[in-house]
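Coordinate inspection notes
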Amino acid sequence: MKDFNQLCCEKCWHTTDKPCEHFIQCCTEGPLCHHDEKCEHEITSLRKRLKYEEHDHPIIMIGMGTCGLASGAAKVKEAIEAELKKLNIEATIEGTGCIGFCAVEPIVDIKFPGKDRISYQEITVKDVPRLIKTTLVDKEVYKEKVLGSHGKSNGVISLKQVPFFEHQQKIVLANCGIVNPVSIDAYLAHGGFKAFDKVLRLMKPEEVVKEILESGLRGRGGGGFPTGKKWELAAKQKSDQKYLICNADEGDPGAFMDRSLLESDPYRVIEGMMIAAYAIGATAAYIYCRAEYPLAIERLQNSIAKCEEYGILGDNILNSGFSLHIKIKKGAGAFVCGEETALIGSIEGKRGMPKPRPPYPVASGLFGKPTVINNVETYANVPPIIMMGAQQFAKIGTAKSKGTKVFALSGNIKNTGLVEVPMGVTLRDVVFKIGGGIPEKKEFKAVQIGGPSGGCLPESVIDTPVDYESLKEVGAMMGSGGFVVMDEETCMVDVAKYFLTFIQEESCGKCVPCREGTKRMLEIIERIPKRYGSDGSKLDQLQRFKGMIHLQRLADVIRDTSLCGLGQSAPNPVLSGLRYFRHEYEEHLYDRKCSSGVCKELLTFSINNEVCSGCGLCVKKCSVEAIVGEKGQAHYILDNKCIKCGMCYEICRLDAININ
């Protein structure tokens, strides 16, 4: 047998024309319907090969997610293939998804028959000859680049003891970087679709809804609405057609959870959607994924096609009478299409703009029919809940926030990547225990959580637990999972300007408070770091102070009167900035100073005449001739000509340039 879709013998009958309700069980436990030693051996052997438990030659696994490919995984793979051919070594090369530790990609795993799988980090094309010789020829561990072992042997540290992984609890990401994401057989061998099989054979739709309700699962897309409650409301609707939508329109800057999950474990998301569709009675589903994620879309298309080929998707799935068809809708990248009513409009072929609610999508959604929308991570939580049971799942997390949360760790932090932590873990643990802290011994300043609609939290609240209620109390939100760390050199006024620019450009323009309010707010923020001088009028200077007086009130109006959740949360970067970093705003406004050295118009460059040797290097580099002085004599900077580019500071070998 080469795959589970092949019949082990003439007694087996599962095909798409004659679907068998025990097909999934047969793949993981079979054969069930007949007792033939040859069939049992074939299926068991296939299962072990797919789980890498039984193989004759070494297996080399390479992380081929977007992060790995961006770090050169494709070239590393080519180099490994060439080296194996050169040394006449027989080995199998497999692609996997991202295991989460993006900072040390490309990651290459090597596994010998009967041995544990060992991961090697930051493998480059130059490393390949030594990697292959040390591991496959000399049969030793390539210690210079070893990351850890998936087991406990070989004298190599276990991956579970590596600080980045030690404090994580992987439920949603359990298969990521472990299983080949393009192989449905590998997913089946690792227990895939067992939850769907259990639901289909043993549970009624209302029992599935009850299970999700009791698990306490809340939407992972930002709002945190109870998933089971949403399913219950949709299930009660009477309609000839219901729809299910997976929101994979991940638009937050710094967020890449959905992309990574879809690239590394697409079958898990599809299985979660199948269970949800069964629970609410939907027969058609859409995955709304932004077109900027070509690899994720490619793997989703492959997964849907394979599921249809195996009879796990389509009509009369596994002879159960339940039918489901999934389509992919590519989004054009508008941030507002992450809002569910705008997303529905986009699928219907209309301009993506939010609508007032009620009616809510569970009553009147896609094409006016009852529709459930959940995001990628929410659906990926469903299969493990069904398998472990609601009670067991509910033991993870806090009283009101159950389970785990996936974050995309980025910014000024040592260990960037995708992490999954149980609810209730503190922000400090995520930053310092998992993320490894701030590089170059710089001080932590803030963490931006919840995307552009979230808030920037300082060190004074870094012991806040990660759960929906606690984050809201301190002025942030869970969001989809963006987690951007900032160090002492970050200017919070500049951060607010960045996020407001993003929000203002992405506003759909339908409601006045968001369209005009965010524009006015951005104007106020942009005026703050403007310099006094001949190029600024008195009116501008007056508006700078006047704008600051009205900034809080304007933010409140936008929050209270905008049409959709994106508009209502648009002022959050400014509100959290005023709450925790008001002194920085006042420093910019009154002292005309940016301590972080980011706002160029507030910087003043001067030359220390006691240090300057008059070498003239800065004069040659200055593009606006703002530096004058005789050769061999101390130089001077003409402030009215200086454009604050900083080239003189970078070129000076004597550190004679002062910046204030």
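Presented here is an overview of the structure given in this document.

Calculation notes
- Residues numbered from 1 in each chain as written.
- Predicted model: local features only at pLDDT ≥ 70, side-chain atom pairs only at ≥ 80, totals over all residues.
- Heavy atoms only, no water.
- Helix = DSSP H or I, 4+ residues; strand = E, 2+ residues; numbered from the N terminus.
- Expected span 1.5 Å × (residues − 1).
- Buried < 20%, exposed > 50% of the residue type's maximum accessible area, 1.4 Å probe, protein only.
- Arc of directions from axis to C-beta.
- Contact = heavy atoms within 4.5 Å.
- Lys, Arg positive; Asp, Glu negative; His and termini not counted.
- Salt bridge = Lys/Arg side-chain N within 4 Å of Asp/Glu carboxyl O.
- Pairing = 2+ DSSP bridges.
- Axes fitted to C-alpha atoms, helices over the stretch in contact; angles between N-to-C directions.
- Phe/Tyr/Trp six-rings, centres within 6.5 Å; stacked < 30°, edge-to-face > 60°.

Relative to the 22 Å expected for 16 residues at 1.5 Å per residue, helix 20 (residues 512-527) spans 22 Å between its end C-alpha atoms, a close match to the ideal helical length. Buried residues of helix 20: Cys-514, Gly-517, Thr-518, Met-521, Leu-522, Ile-524 and Ile-525, and no others. Looking down the long axis of helix 20, one finds its buried residues gathered within 160° of arc, a one-sided arrangement. Along its buried surface, helix 20 packs onto helix 19 (492-506), helix 21 (538-561), helix 22 (565-568), helix 23 (572-580) and helix 24 (582-590).

On the secondary structure map, Asp-258 appears in helix 11 (residues 257-264). At 7.2 Å, Lys-405 is the nearest oppositely charged side chain to Asp-258, a buried residue that forms no salt bridge. The contact partners of Asp-258, leaving out residues within four places of it in the chain, are Asn-247, Ala-248, Glu-250, Asn-375, Val-376 and Glu-377.

On to helix 11, then. Most of helix 11 is tucked away, with eight of its eight residues classed as buried. Within the sequence span of helix 11, burial applies to Met-257, Asp-258, Arg-259, Ser-260, Leu-261, Leu-262, Glu-263 and Ser-264.

Taken in spatial order, the five strands line up as 11-10-14-12-13 in an open sheet, and their pairing is mixed. If you trace the sheet from one side to the other, it starts and ends with strand 11 (417-422) and strand 13 (455-458), each paired once. Here the strands of the sheet are splayed against their neighbours by 30° on average, with no regard to which way each runs. Direction of pairing for strand 10 (residues 404-411) relative to strand 14 (residues 482-487): parallel, over a ladder of four bridges. Within the sheet, the bridge partner assigned to Ser-410 lies in strand 14 and is Val-484.

Right, let's get into the sheet that holds strand 5 (residues 146-149). Sheet strands associate in pairs through backbone hydrogen bonding, adopting either a parallel or an antiparallel arrangement. The strand order across the open sheet formed by five strands is 2-1-3-4-5, and the pairing between neighbours is mixed. Where the open sheet ends on each side, the last strands, each with one partner, are strand 2 (92-96) and strand 5. Within the sheet, the average angular offset between the axes of one strand and its neighbour, ignoring direction, is 25°. Pairing of strand 1 (residues 59-63) with strand 2 involves five bridges; the strand directions are parallel. Bridged to Met-61 within strand 2 is Glu-94. In this fold helix 4 (residues 73-87) packs onto strand 1, strand 2 and strand 3 (108-111), with an angle of close to 160° to the strand it touches most, strand 1. Its contacts with the sheet place helix 5 (residues 128-137) against strand 1, strand 3 and strand 4 (118-120), and it is angled at close to 20° to strand 3.

What the rule picks out here adds up to 17 aromatic pairs. Geometrically, the ring pair formed by Tyr-187 and Phe-193 is edge-to-face, given 5.0 Å between the ring centres and 85° between the ring planes. Centre to centre, the rings of Tyr-187 and Tyr-267 are 5.6 Å apart; their planes meet at 25°, and the pair counts as stacked. With Tyr-187 in helix 7 (residues 184-189) and Tyr-267 in helix 12 (residues 266-280), this pair connects stretches of sequence that are 80 residues apart. Here Tyr-187 falls in the buried class, since its relative accessible area comes to 3%.

None of this, on its own, says anything about what the molecule does.
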